[in-house]
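# A look at the structure
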Amino acid sequence: MVVKINGIQQLGVGVEDVHEAWKWYREHFSMDIRMFEDEAVAELMLAHTDGKPRARHAVLALNMRGGGGFEIWQHKGKKPKTADFEIQLGDLGINVGKIKTDSVKSAYKKFSDEGLDLLTKIKKDPAGNDHFYMKDIYGNMWEIKNQKEVFRKKEKSVSGGVLGAVIGVKDMEESLPVYQDILQYDKVVYDKTGVFEDFKGIKGGDKKFRRVLLKHSDVKSGAFSPFFGQSVIELVQAIEREPKDIYEGRIWGDPGFIHLCFDINGMDAFREKVKGMGHPFTVDSAKALESFDMGEAAGNFAYIQAPEGTLIEFVETHRIPLMKKLNWYLDFRKRGNHPLPNWMLKLFRFKRVKK
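Since the model is a prediction, treat every value here as computed from it, not as a measurement.

### Let's talk about the packing of aromatic side chains
For the coordinates displayed, the defined rule picks out 26 aromatic pairs. Between the aromatic rings of Phe 227 and Phe 348, the centroid separation amounts to 5.6 Å while the plane-to-plane angle is 65°, which identifies the pairing as edge-to-face. Taken together, the residues span a long stretch of sequence, with Phe 227 in helix H4 (residues 225-228) and Phe 348 in the segment after helix H7 (342-345) at a distance of 121 residues. An identical accessibility class is assigned to Phe 227 and Phe 348; each is buried. Note on Trp 252 and Tyr 303: the rings are 6.1 Å apart at their centroids and 85° apart in plane angle, and the pair reads as edge-to-face. Residue Trp 252 is found in the loop between strand E13 (232-238) and strand E14 (256-265), and its partner Tyr 303 is found in strand E17 (residues 298-305); the two are separated by 51 residues along the sequence. The rings of Trp 24, Tyr 25, Phe 29, Phe 70, Tyr 108, Phe 111, Phe 132, Tyr 138, Trp 142 and Phe 257 are connected pair by pair, giving a single aromatic cluster. Lying across the ring of Trp 22, Arg 26 places its NZ or CZ 4.6 Å from the centre. Across the ring face of Phe 199, the terminal group of Arg 211 is positioned such that the distance to the ring centre comes to 3.8 Å.

Listed below in structure tokens is the structure:
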């Protein structure tokens, strides 16, 4: 089977209290579509959890304006451990979550009126796109970035879902092949080195960086691709200091950005591809089960680890609940994985959680 990477499914966000965090992300980022919620033991993540199964509570939430979702993830079997240092731009791993908006000014005004922690004014990135940076109440950094592509415009929210991420790397040339060749972000939007005006206001952002923005040139064609839309990855390398490992002394699921997840088809072929490129799966649910049950959804998942330490997840979806009350599930093993019609994807709005 041909390997297809269909877009960013979600950005994993480790939190101390899943209920509190999801309420905050619903109220401010409109991440209010519940695709699944599940309490279970992460038995297959041993490579990234100190060799121990970990109880967890997770919610996959989407925004109806489109883009990737948030997998909001809380340890239940141990106390979540926060970083014992303030993360700076360029530290190793996911530094910033990118969120799309088709109106940067409206988003800035809304978040300003709500008294949120805005780190910068609206500025232009090296490609001339308007954006700004902010922090949530948990210290996670977010970039709100201009992106005209919106899935469902008839929404009150001023921002959409995940557009991508800013990832700190130790060696740009070592990390680039993962993002360009494996993840297929084959087009370089910019590759610049210097001190950047739009970074000023972010912790450590006043220093010198090499900064590479990548996007994909292909048109995605998976089942959920119309909803996920386009995505980008920005790699940043600190030039003037030695970066820290964001998860040093901690494990997957502890607070912060824990992984970036891609929706794919062709997991078996993909397994062999990444192994041949020197990045074998560190976690592989298909080796344990034909289909992994995620509560209301099912599929297979796997992880690789990029050279700088970023965990990248791949999910091949087998089944999702479309309208659970009517017992209406989509089984992609029977249906196939061509794009779902927009009317069907718009039914996600009936999974909205208001309280």
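### Let's talk about the pairing of strand E4 (residues 69-75)
Counting buried positions along E4 gives seven out of seven residues, so the element sits mostly inside the fold. On E4, burial covers both faces: Gly 69, Glu 71, Trp 73 and His 75 on one face and Phe 70, Ile 72 and Gln 74 on the other are all buried. Pairing of strand E1 (residues 4-15) with E4 involves six bridges; the strand directions are parallel. In the strand pairing of E4, Val 15 is matched with Gln 74. In sequence, strand E3 (residues 54-62) turns back onto E4 through a hairpin of six residues, with Gly 66 there showing a positive phi of about 95°.

### Quick look at the pattern of salt bridges
Scanning the model with the defined rule gives 31 salt bridges in all. A salt bridge links Asp 91 to Arg 241, with the nearest nitrogen and oxygen atoms 2.9 Å apart. Within this pair, whereas Asp 91 is found in the loop between E4 and strand E5 (93-101), its partner Arg 241 is found in the loop between E13 and E14, the two being separated by 150 residues in sequence. Given a relative accessible area of 1%, Asp 91 falls into the buried group. The exposure class assigned to Arg 241 is partly exposed, which follows from its relative accessible area of 24%. Residue Glu 234 is joined to Arg 211 by a salt bridge in which the shortest nitrogen-to-oxygen separation is 2.5 Å. Here the residue Glu 234 occupies a position in strand E13, and Arg 211 occupies one in strand E12 (residues 209-215), the gap between them amounting to 23 residues.

What counts, and where the lines are drawn
Residues numbered from 1 in each chain as written. Predicted model: local features only at pLDDT ≥ 70, side-chain atom pairs only at ≥ 80, totals over all residues. Heavy atoms only, no water. Phe/Tyr/Trp six-rings, centres within 6.5 Å; stacked < 30°, edge-to-face > 60°. Helix = DSSP H or I, 4+ residues; strand = E, 2+ residues; numbered from the N terminus. Buried < 20%, exposed > 50% of the residue type's maximum accessible area, 1.4 Å probe, protein only. Lys NZ or Arg CZ within 6 Å of the ring centre and 35° of its normal. Pairing = 2+ DSSP bridges. Salt bridge = Lys/Arg side-chain N within 4 Å of Asp/Glu carboxyl O.

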